Amino acid sequence: MRISTRFYFTAVLAVALVIAISLELRTSSQRFKAAAAKREAVVEWLQQINSLSHLTNNYLLQASPSVREQWLGVASNLTEALSQHPFTLPERVAVVEEIRERVERMGTLFSDLSAVAEAVRATSVPTDELRRNKFQTIGSFLNITMHESTADIMYLLDILGEDVTLAEARASSMVLTLVLTAGLVVCVVVITLHRSLVGPLATLQKGVATVASGNLAYRTGSRARDEIGDLARSFDGMLDELQKRTAELSAANAELRVHREHLEQLVEERTREVRRISEHLADAQAMARLGSWEWDAVHDVITGSKEFYRLFGASPELLANYAAFNALLDPNDREHVQREVEKALTENALYQTEYRVLQPDGSCRQIQARGTITVDDLGHPAAMTGTCLDITELKQAEAKLHKTNEDLERSNKELEQFAYVASHDLQEPLRMVASYTQLLAQRYEGQLDEKAKKYIDYAVDGAVRMQRLINDLLAYSRIGTRGKALEPTDTHAVLGETLRDLAAAIEESRAMVTNDDLPIVRADASQLALVFQNLIGNAIKFRSQENPRVHVAVADQAGEWVFSVRDNGIGIDPKYADRIFVIFQRLHTREEYPGTGIGLAVCKRVIERHGGRIWFESEPGKGSTFFFSIPK
Amino acid sequence: MSSVSVSVSGWRKKVLWALLFTGFLVVATMVCLPALRQLLPERIPSGPARKLALGGSTAEYNGLIWLAEDKGLFKQQNLLITHTLFDTGAPAVKELLAGRLDIVLASEFAFIAQATQLPELVVLGSIAKVRTLQVVALRERGIGVPKDIRGKRIGVPLGTSAEYALENFLLLNDLPPDVITIVPMGPAAMEAGLRDGKVDAVIVWEPNVQRLRRMLGERLTAFPAQKDRETFWCLVTTETILSRKSQAIEGFLRALVATEILAASEPSALRAGLVRNTKEGPEFVDTIRPLLQFKVSLEQALLVAIEEEGRWMLARGGGAPTDYRARVRPGPMLAVKPSAVTIIDLRGRR
């Protein structure tokens, strides 16, 4: 039972007991009052009987009329009192009736007695013995009757006394019973409360002390269903949770310790790494001549790496703010640097500029600076961090390279011009050699022996080959010098024109040339046709036993078109990848496959002029695929 | 350390609570013990039953004795009562003196008549008061009112209360004792005496009055002979028996006191006993019931009556001067029912 319920029942029981005791005491009090009133009335009767007894004795001695009147008055009062008796129980009423009858008899006897006395007084003669005896006998009867009445009244008093005693006993027993019940209830309540409160609280106290000493394994083990039981179970539950949490915490601490040690190890390693990287960075910065810096735009404080200060040829104290930085710049660069800084700050843009820094030795160092803006919580620029790269040597190299390029371009032009001129100018003497050799052969036909004819044929053949080489070389040189401007070109049309030029070879070799839909690209149509012609021509020329199958395809890739020409020819060993695009380089003898060895070199030169690349994929015996790209 | 202090403290508290609870019970019991005694039934004496031989008659004054026997109240007192019947008190007293009886039920007159000669006799109290003595007269002899008995022959059982009552009857009716002729006659002979004309009237007690009425019917008239003076039926024993069987006698009185209370609450039971034992029928019982008072007492009135009758007896030349107060033994009655002792110098004693 819960303690609150127990308290409730105890309170109800206590109130009930108090009410019962109060009612019993009230009832007993009323009963006592009633008994006292009855007793008082009966005592009054007894006193009146005693008075009658005294008066009777007086009358027997003196026969006084006044005493007679007194006797009659007392008897009347007693009779009236008896008629108004307070008793209700039949046996008590019967006793009262007996007393009343005796009093009546006493009245009769007294009347007889007084009659005898009056008769004696009236006769004025000596009283005879008969009357004297009668007087005494009546007096004796009267006396005995009064004693009997007294006994009856005493009996009534005794009954009343017993009533009072019984009432007292009943009240006492009832009060005792109620008090004992109350005491028992108090004891039971105290014992149960002791059991349910003090004992469990002591257990809890012990538990708290035990737990406080660090022993979390303690449990009250309470099974009580009251509030203390709930508290004890909550306490046990709390200890369970606490023990569990403590175990988890210990495990977590152990894990945390491991992690911390690991972290410390990592930090140590990272610190070493950072230190090493910092050193490397410093070395790298030194080697790269790259310094890092930060400018606190709010407080106008500049800090930087060691290389930064070295690049500026200034100490950190000297290069502490923007004004100091500005003072170190070449006066011609200050304005545009200031403009770039303001632009970066206002537009939150990338800071990127180049400027010259005056060195203490009077020299000038070329710096390329980059930086980014850091903003505060309100979005206002707060700082700028960035790098300074010493590009003095780069600038010098660039200038030198520019000059070299210019020289090279001029040399190339001169060389191309030379090749063109040489090729063109060599055409004439070569034609003369060939013409006159053929003329010699015609004029002296029959005069020359076979050997001479053979020699002349060799000379003519060499001149012809020489002429072909020169033409090819001329064509090759014209790619760079006589090329047309790049313009949108329908590659499908270009391929079609190429195939018409190759129609004889295609028909002769029974080749089958197919193609995808080809796009329009920016190209020199004639040069692009030259590429298709060389690649398809090679595919037919270097065919296998099978009939040649050539397929021209194109792929749209990021920023460029990638064309491919795939065949089923003899294939190429990949180890010759570097050779086949070199001019006049051949993988086969002229007897095996005719040609000058300039076709793929032309292709490479054309594609490079268009800004693209050319390569191939092949395996010997499994055909080849040549790729080239044209930028979009 | 804390757990040890808790357990010691708990042990001390338990002992303290046990002592307090025990003390409370003891005090409560002591306070309420008297009341409890009142409520508890009287302890029945243990051991073998105590024998008490009673001498009496079938007269109506034995009502309490019969009711006590009917209700087993003597057995409750562990008493074995034997009841021997006698016609009058004198032979019963002889048996008492012979040691064959322990208590005799006799009128105070019978006690006085024996006590003057037998100093061993003592009186313990009375259990009934009766007023059944009547003067029964033949109308045909000219007796219509009490004074008409002048010059008549009156049958009287001499040596009994009837003789004393007849003299008082004459006196209260202003008749000298010598105006009548007393014919000694026992109750059994009265009917014949009246019928044969030996006497004109008789003075006798119940149930003889009713028997005479039944036999002689309307020929008879009756006058109360003790209208103002009752006969006490006393418990008479000897000094020796009292000292030897005081506990049994107290138990006997205790049973009679309980019977008195029972008779007040169960009058029908008392009446049934009277009807059964008197063998006179219910009408007789109902007729005489107002003349009977069943009361266990030792009254001043008894003492006065004894002394009065003793003086009368002495004046007639019977007996010897006797200190009747000294023959009263109030001890058993005081032990059983103190309030029933109204002898003036013994009131309030226990």
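See the structure printed just above.
Definitions and cut-offs
- Note that residues are indexed from 1 along each chain, following the sequence as it is written.
- Working convention: letters from A go to chains and numbers from 1 go to ligands, in the order in which they are written.
- Where local features are concerned, this predicted model is filtered to residues with pLDDT of at least 70; where side-chain atom pairs are given and counted, the filter is 80 or more; whole-chain, interface and lining totals use all residues.
- To get the side-chain values, all heavy atoms of the structure are used, and hydrogens and water are removed first.
- Numbering goes from the N terminus for both helices and strands, where a helix is a DSSP run of H or I of at least four residues and a strand is a run of E of at least two.
- The cut-offs for exposure are 20% and 50% of the maximum accessible area for each residue type, with area from a 1.4 Å probe on protein chains only; residues under the lower value are buried, those over the upper are exposed, and the others partly exposed.
- We call two residues in contact whenever any of their non-hydrogen atoms come within 4.5 Å of each other.
- For the accessible areas, the method is Shrake-Rupley and the probe is 1.4 Å, while residue cover comes only from the protein chains on display.
- The pairing criterion is simple: DSSP has to find at least two bridges between the two strands.
- Each axis is a line fitted through C-alpha atoms, taken for helices only over the stretch in contact, and angles between the N-to-C directions span 0 to 180 degrees.
- The term buried area means the drop in 1.4 Å probe accessible area that two parts suffer when joined, counted for both and summed.
- Salt bridge criterion: a side-chain nitrogen from Lys or Arg within 4 Å of a carboxyl oxygen from Asp or Glu.
- Expected helix span is given by 1.5 Å per residue-to-residue step, counting one fewer step than there are residues.
- Whether a set of points on the 1 Å grid over the protein atoms alone is a cavity depends on a 1.4 Å probe fitting there but being unable to get out, while an open set qualifies as a pocket with protein on both sides within 12 Å along at least five of seven lines; lining residues are those with an atom within 4 Å of a point.
- Grid points are joined across faces, edges and corners, and a volume is the space filled by probe spheres set on the points.
- Under the grouping applied here, Gly and all other residues not named as nonpolar or charged are polar, the nonpolar ones being Ala, Val, Leu, Ile, Met, Phe, Trp, Tyr, Cys and Pro and the charged ones Asp, Glu, Lys and Arg.
- By definition in this entry, angles of less than 35 degrees are roughly parallel, angles greater than 145 are roughly antiparallel, angles of 65 to 115 are roughly perpendicular, and the rest are oblique.

Engineer: How would you summarise the overall build of chain B if you had to cite specific residues and measurements?
Structural biologist: The helix and strand tally for chain B stands at 15 helices and 11 strands. For chain B, buried positions account for 52% of its 350 residues. Across chain B, contacts joining residues at least 24 apart in sequence account for 80% of those joining residues at least 6 apart. Summing over all exposed atoms, chain B offers an accessible surface of approximately 15,800 Å²; the carbon and sulfur share of this is 57%.

Engineer: Describe in detail the environment of Val341(A), supporting the description with residues and values.
Structural biologist: All names here are of chain A. Position of Val341 among the secondary structure elements: in helix α8 (residues 331-347). For the pair formed by Val341 and Gly371, sequence separation is 30 residues and the distance between their alpha carbons is 9.3 Å. If near-sequence neighbours (up to four positions away) are discounted, Val341 is found in contact with Trp295, Tyr322, Tyr351 and Met384.

Engineer: Tell me what's going on with the sheet that holds strand β9 (residues 220-224) of chain B, and back it up with residues and numbers.
Structural biologist: Residues and elements named next belong to chain B. The strand order β7-β6-β8-β5-β9 describes an open sheet built from 5 strands, whose pairing is mixed. If you trace the sheet from one side to the other, it starts and ends with β7 (181-184) and β9, each paired once. Adjacent strand axes in the sheet meet at a mean angle of 25°, parallel and antiparallel pairs treated alike. Inspection of the sheet shows strand β6 (residues 153-156) paired to strand β8 (residues 201-204) by 2 bridges, in the parallel sense. Within β8, the residue paired with Gly155 across the bridge is Val202. Contacting β5 (134-138), β6, β7, β8 and β9, helix α6 (residues 161-172) runs over the sheet at an angle of about 145° to β6. Strand contacts of helix α8 (residues 208-216): β5, β8 and β9, with the helix running at about 15° to β5, the strand carrying the most contacts.

Engineer: Describe the interface of chain B and chain A, with residues and values.
Structural biologist: Each side of the interface is counted separately: chain B has 43 residues, and chain A has 40 residues. Summed over both partners, the interface of chain B with chain A comes to about 3,800 Å²; 70% of that surface belongs to carbon and sulfur atoms. Of all residues in chain B, the largest losses of buried area upon contact with chain A belong to Leu171(B), Leu172(B) and Asp228(B), amounting jointly to 15% of the total for that side. At the junction of chain B and chain A, the tally comes to 5 salt bridges.

Engineer: Describe the pairing of strand β9 (residues 549-557) of chain A, and please don't skip the residues or the numbers.
Structural biologist: Residues and elements named next belong to chain A. Relative to β9, strand β7 (residues 512-515) runs parallel, the two being bridged by 4 bridges. The residue of β9 that forms the bridge with Asn515 is Val552. Connecting β9 to the next strand, strand β10 (residues 560-566), in antiparallel fashion are 2 residues, including Gly559 with a positive phi near 85°.

Engineer: Just give me the short version of helix α1 (residues 3-62) of chain A, but keep the residues and values in it.
Structural biologist: Over its 60 residues, α1(A) extends 85 Å from the first C-alpha to the last, a length consistent with the 88 Å expected when each residue adds 1.5 Å. Ala63(A) sits one or two positions beyond α1(A) and adopts a positive phi of about 50°.

Engineer: Please provide a residue-by-residue account of empty space enclosed by the protein, values included.
Structural biologist: Residues and elements named next belong to chain A. Counted according to the given criterion, the structure contains 1 cavity of 30 Å³ or more. One number sums up the size of the largest cavity: a volume of about 120 Å³. Lining the largest cavity are Trp293, Trp295, Ile302, Phe308, Tyr322, Phe325, Val341, Tyr351, Tyr355, Ala369, Met384 and Cys388. Among the secondary structure elements, those contributing two or more residues to the lining of the largest cavity are β1 (290-296), α7 (322-328), β3 (351-358) and β5 (381-390). Here the residues of the lining of the largest cavity sort into 12 nonpolar, no polar and no charged.

Engineer: How would you explain the packing of helix α2 (residues 63-71) of chain B against helix α10 (residues 246-265) of chain B if you had to name every residue and give the values?
Structural biologist: Residues and elements named next belong to chain B. The interhelical angle for the contact between α2 and α10, taken along N-to-C directions, is 95°, at an axis separation of 9 Å. By the angle between their axes, α2 is roughly perpendicular relative to α10. Each of Leu64, Ile65, Leu67, Ala68 and Lys71 in α2 lies in contact with α10, whose residues at this interface are Phe252, Leu256, Thr259, Glu260, Leu262 and Ala263. Looking at the contact of α2 with α10 residue by residue, the classes come out as 8 nonpolar, 1 polar and 2 charged.

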